[in-house]
Amino acid sequence: MVTASPRRIIPLRRARRVIPASTCNYEYSYDDLFTERLRASEDDAHTLQTPLPPEYVAMSPAELDERITTAREGLGTQLVVLGHHYQRDEVVKYADFRGDSFKLSQQAASRKEARYIVFCGVHFMAESADILSDPEQAVILPNMAAGCSMADMAATDDVLACWASLNQVTEDKIIPITYMNSAAALKAFCGKYDGAVCTSSNATAVLTWALERGRKVLFFPDQHLGRNTALRLGYTLDDMVVWNPHLPLGGNTPEEIERATFILWRGHCSVHGRFSVEQIVQARERYPDVNVIVHPECKMEVVQASDLNGSTEVISNTITAAPAGTVWAVGTEINLVNRLAQEQPDKTIFCLDPVICPCSTMYRIHPAYIAWVLDNLVAGRVVNQVKVDSEVAKWALVSLDRMLAIT
Ligand code: SF4
């Protein structure tokens, strides 16, 4: 039997929000057709995962390994398997490439000979890979229930309502910037309204670019990355407001909006939100020479109490380049930290949170799902394809291309 059963996990289908006119005065005043395409794209993102055939649920790890290995050999160069850093070892071992979301999407785009791109990550990453790859390439997410709780915190309707409200209370030019961890619909929204995408590696450059074009930035979905980046640029908390999509004007007064340079969407990563200053203090007590490195999705206090912060690629590269004997306390997802520790036994590497759980949505990719999608490919069937609407993909590509031109 498999050690961790691939349970059938179905994402909640988000109910379409009805936004009272008194709350936001939202109207279809921009481009009705475009907003409908954005909404349809969001609905597509919540496609249900069909139950795995019982034979896959019943297979042992060895049987799954044999199935996956045989299928990969049979598909040859037609197939490329991508594995995000946060995937468990039993999944990452099948990856032709490992990396963060954007690096993997670029890998997907560069492998033109591959007809099938199996993305062991979460839904928004597979969408980005589809946008960046050729139309004849099929991007496959082994489990359609593998979403991202942070990306889900910025629903298209809520962002459209926010945009309408902001433009009613201020005449300042607002540049929308979305973190890579967002649905294709929001990347398209940014493309259409003069904004761009950013990653945790290039957020500083992208926000600088945005403020050369507008007086304000609407940043979503991760308030922490937005706040940490704005502080790094020399702004203060007085220059920022947080937008709570469940409150009129996001919980702000018109005067506060008028004064603000940054409107930060009230979203966060549940994994990185667990790290605390207290954990850093304890790590320093235990290892006086420890280097503390955290992801910028962590809270402001945690980033400020650390020695270094950066994307998963930065964390990985920094620790790998460090001399033997160094000690590293890391504030990011546990699978990456454990892998770094296993691969570099000459250093002391540990997670800041000793009881941290893995990213629960990434964890939904199980070898049984990989075996199932690959067996189907061998049989000539494409299952679990992630396909972004052409209009949404066109505008999302605009915002991604802007990011690439900036950095
Ligand atoms: S670690 Fe956080 S941001 Fe990354 S996929 Fe998981 S929930 Fe989303």
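Owing to the predicted nature of the structure, the values given are computational and were not obtained by experimental measurement.

Description of the overall build of the protein
What the protein contains, in helices and strands, is 19 helices and 13 strands. A globule of 407 residues ought to have a C-alpha radius of gyration of about 22 Å, and the protein, at 21 Å, matches this closely. By its C-alpha atoms, the protein is 65 × 55 × 35 Å across when sized along the principal axes. Burial statistics for the protein: of 407 residues in total, 48% are counted as buried.

Here we look at the domain arrangement of the protein
Segmenting the protein into domains produces domain 1 (54-148 + 362-389), domain 2 (151-269 + 393-406) and domain 3 (272-351). A separation of 28 Å is found between the C-alpha centroids of domain 2 and domain 3. At the junction of the two partners, domain 2 supplies 11 residues and domain 3 supplies 12 residues. In the side of domain 2 that touches domain 3, the residues fall into 3 nonpolar, 6 polar and 2 charged.

Considering the pairing of strand β1 (residues 79-84)
Counting buried residues in β1 gives 6 out of 6 residues, a clear majority hidden from the surface. A two-sided burial pattern is seen for β1, the buried positions comprising Leu79, Val81 and Gly83 on one face and Val80, Leu82 and His84 on the other. Judged from the 3 bridges that link them, β1 and strand β2 (residues 97-99) form a sheet pairing that is parallel. Of the residues in β2, the one forming a bridge with leucine 82 is phenylalanine 97.

Some points on helix α16 (residues 312-321)
What α16 keeps buried is the set Thr312, Ile315, Ser316 and Ile319. Looking down the long axis of α16, one finds its buried residues gathered within 95° of arc, a one-sided arrangement. Opposite the buried face of α16, at more than 90 degrees from it, the exposed residues are Asn317 and Ala321. Among the structural elements, β10 (291-294), β12 (327-331), α17 (334-343) and β13 (348-351) are those in contact with the buried residues of α16.

A word on helix α9 (residues 156-169)
Because an α-helix completes one turn every 3.6 residues, residues spaced three or four positions apart along the sequence face the same direction. In this model α9 runs 20 Å from its N-terminal to its C-terminal C-alpha over 14 residues, within 8% of the 20 Å that 1.5 Å per residue would give. Every buried residue of α9 is listed here: Thr156, Asp158, Val159, Leu160, Ala161, Cys162, Ser165 and Leu166.

Let's talk about the sheet that holds strand β6 (residues 196-198)
Ordered in space as β6-β5-β7-β9-β8, the 5 strands form an open sheet in which the pairing is parallel. Taken across any chain shown, the strands that pair with only one partner, and hence form the sheet edges, are β6 and β8 (240-243). Averaged over neighbouring strand pairs, the angle between their axes works out to 25° when direction is ignored.

Some details on the nonpolar core
Counting residues in each nonpolar core, the largest one holds 124 residues, and the members touching the most others are Ile117, Phe119 and Ile177. If you tally residues by element for this core, the top one is helix α18 (residues 367-378), at 8 residues. Non-local contacts of isoleucine 177, meaning those with residues more than four positions away in its chain, are made with Cys190, Gly195, Ala196, Cys198, Val206, Leu207, Ala210, Val217 and Phe219.

What about the sheet that holds β1?
Within the open sheet, the 4 strands sit side by side as β2-β1-β3-β4. Their pairing is parallel. Edge positions in the sheet fall to β2 and β4 (138-140), since each has one partner strand and no second. Taking the axes of each pair of neighbouring strands and ignoring which way they run, one obtains an average angle of 20° across the sheet. In this structure, strand β3 (residues 116-120) lies alongside β4, joined through 3 bridges in parallel fashion. If you follow valine 118 over to β4, its bridge partner there is isoleucine 140. Seen against the sheet, helix α7 (residues 123-132) touches β1, β3 and β4 and runs at an angle of roughly 155° to β3.

Observations regarding the packing of helix α6 (residues 101-110) against α7
In the contact formed by α6 and α7, the axes pass within 8 Å of each other and the chain directions differ by 35°. Every pair of crossing elements has a handedness; the one defined by α6 and α7 is right-handed. On α7, the residues that touch Ser101, Leu104, Ser105, Gln106, Ala108 and Ala109 of α6 are Met125, Ser128, Ala129 and Leu132. The residue inventory of the contact of α6 with α7, partitioned by class, reads 6 nonpolar, 4 polar and no charged.

Quick look at the confidence of the model for the protein
Looking at the protein as a whole, the pLDDT averages 90, with 91% of positions reaching at least 70. Low pLDDT, under 50, characterises residues 1-30; the predicted model gives this stretch 50 contacts beyond four residues in sequence or across chains.

Considerations on unusual backbone geometry
Of the consecutive residues phenylalanine 220 and proline 221, the connecting peptide bond is found in the cis state with omega at -10°. When you line up the elements, proline 221 lands in the loop between β7 (216-220) and α12 (223-232). A positive phi angle, close to 50°, is found at leucine 249, a residue other than glycine. As for its placement among the helices and strands, leucine 249 is situated in the loop between β8 and α13 (254-259). Here asparagine 384, not a glycine, exhibits a phi torsion of approximately 60°, which is positive.

Some thoughts on the environment of valine 139
Relative to the assigned elements, valine 139 resides in strand β4. A residue is classified by how many C-beta atoms lie within 10 Å of it, and valine 139, with 26 of them, is buried. On a C-alpha basis, the gap between valine 139 and proline 323 in space is 39 Å, while along the polypeptide they are 184 residues apart. Discounting residues that sit within four places of it in the chain, valine 139 has contacts with Ala108, Ile117, Phe119, Ala126, Ala129, Asp130, Ser133, Gln385 and Val386.

Thoughts on the environment of aspartate 346
Looking at where aspartate 346 falls in the secondary structure, it is placed in the loop between α17 and β13. A count of 10 C-beta atoms within 10 Å places aspartate 346 in the exposed class. Here the alpha-carbon distance between aspartate 346 and proline 323, two residues 23 residues apart in the chain, equals 8.7 Å. Once residues lying within four places of it in the same chain are set aside, the contact partners of aspartate 346 are Ala324 and Gly325.

Conventions we followed
Residues numbered from 1 in each chain as written. Predicted model: local features only at pLDDT ≥ 70, side-chain atom pairs only at ≥ 80, totals over all residues. Helix = DSSP H or I, 4+ residues; strand = E, 2+ residues; numbered from the N terminus. Rg over C-alpha atoms; globule rule 2.2 N^0.38 Å. Buried ≥ 20, exposed ≤ 12 C-beta atoms within 10 Å, placed from the backbone. Domains from an automatic or database assignment. Contact = placed C-beta atoms within 7 Å. Nonpolar A, V, L, I, M, F, W, Y, C, P; charged D, E, K, R; others polar. Pairing = 2+ DSSP bridges. Arc of directions from axis to C-beta. Expected span 1.5 Å × (residues − 1). Axes fitted to C-alpha atoms, helices over the stretch in contact; angles between N-to-C directions. Core = buried A, V, L, I, M, F, W, Y, C linked by C-beta atoms within 7 Å. Left-handed = near helix turned anticlockwise from the far one by under 90°. pLDDT = per-residue confidence, 0-100.

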